[in-house]
Amino acid sequence: MTHSPVRATLVGAGGLGGPIALALGGAGIELTIFDDDLVELSNLHRQIQFTAADLGQPKATCLAGRVVARGGTARGVVARWRPPSELPSELAAFVDESDLIVDGSDDPITKFAVADWAVANGRQYVIAAALRYGGNVMAGVPGVACYRCLFEEPATDGPTCADAGVLGPVVGAIGGAAASIA
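Since the structure is predicted, the reported quantities are computational estimates derived from the model, not experimental observations.

Draft legend 1. Here's a closer look at the layout of surface pockets. Of the volumes computed, that of the largest pocket is approximately 1,100 Å³. The wall of the largest pocket is formed by 50 residues, among which Ser105, Asp106, Asp107, Lys111 and Cys161 lie closest to the centre. Residue contributions to the lining of the largest pocket peak at four residues, all from helix H4 (residues 108-120). In terms of residue class, the lining of the largest pocket is made up of 21 nonpolar, 17 polar and twelve charged.

Draft legend 2. View of the sheet that holds strand E5 (residues 124-131). Spatially, the six strands line up as an open sheet ordered E3-E2-E1-E4-E5-E6, and their pairing is mixed. Edge positions in the sheet fall to strand E3 (74-78) and strand E6 (134-140), since each of these pairs with one other strand and no more. Pairs of neighbouring strands in the sheet enclose a mean axial angle of 15 degrees, with direction left out of account. In this sheet, E6 lies alongside E5 in antiparallel orientation, the contact comprising seven bridges. Counterpart to Ala128 in the pairing with E6 is Val137. Seen against the sheet, H4 touches strand E1 (7-11), strand E4 (100-103) and E5 and runs at an angle of roughly 170 degrees to E5. Each of E5 and E6 is contacted by helix H7 (residues 168-181), which is oriented at about 15 degrees to E6, the strand it contacts most.

Parameters and conventions
- Residue indices follow the written sequence of each chain, beginning from 1 at its first position.
- Per-residue local features of the predicted model are confined to residues with pLDDT of at least 70, and side-chain atom pairs are confined, for both listing and counting, to 80 or more; whole-chain, interface and lining totals are unaffected and use all residues.
- Each side-chain value is worked out from all heavy atoms of the structure, with water and hydrogens disregarded.
- Points on a 1 Å grid over protein atoms alone make up a cavity when a 1.4 Å probe fits among them but cannot get out, and a pocket when they form an open set with protein on both sides within 12 Å along at least five of seven lines; lining residues each have an atom within 4 Å of a point.
- Grid points are joined across faces, edges and corners, and a volume is the space filled by probe spheres set on the points.
- Where helices and strands are cited, they refer to DSSP runs of H or I of at least four residues and of E of at least two residues respectively, numbered from the N terminus.
- As a working rule, the residues Ala, Val, Leu, Ile, Met, Phe, Trp, Tyr, Cys and Pro are called nonpolar, Asp, Glu, Lys and Arg charged, and the rest polar, with Gly in that last group.
- The pairing criterion is simple: DSSP has to find at least two bridges between the two strands.
- The axes used here are C-alpha line fits, helices contributing only the stretch in contact, and every angle between their N-to-C directions lies in the interval 0 to 180 degrees.
- Contacts are residue-level and defined by heavy atoms, with any inter-residue pair within 4.5 Å sufficient.

Structure (structure tokens):
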């Protein structure tokens with residue numbers, strides 16, 4: 001009997017997304033990675049999946065390449081994550097067939113969109129966040145745990161990574177915890 005691979009959609013290819021993707025890809029999970037950012041010099045101290053040779057390149061495709069180079073299966077999508085109804089059909093089909101969605105973005109609105117889609121579509125999900133010297137990870141299971149139940153609405157007036165920064169090792173630790181939970 002053959003088993004189809006476990007599929008996951010990862011939102012974010014930065015500080016959190018890197019450790020998450022490398023761990024999940026190494027575990028044999030087939031990934032589609034969404035991110036619309038390019039690798040910048042200011043990323044390198046906390047985004048261990050990138051090197052100076054990657055500067056100016058799309059994070060999603062660079063990270064997918066790292067997963068594949070380590071023997072995993074991944075594709076990078078250079079775009080902000082959107083619900084499948086708003087994606088091209090080939091991407092929507094993959095997201096619709098994903099067993100799990102993991103958010104490692106640095107945007108509260110995206111985190112809520114990921115969680116809301118997962119709940120509406122009966123998917124398990126993991127939301128990871130890091131800021132300054134700490135972070136958190138939440139696992140969501142439709143009908144049991146809900147990101148919106150915990151936080152209600154996205155915070156629009158709080159500090160962001162761009163404003164407050166994040167210590168490099170923090171994203172590694174939080175990303176590792178998120179991959180373990182996933």
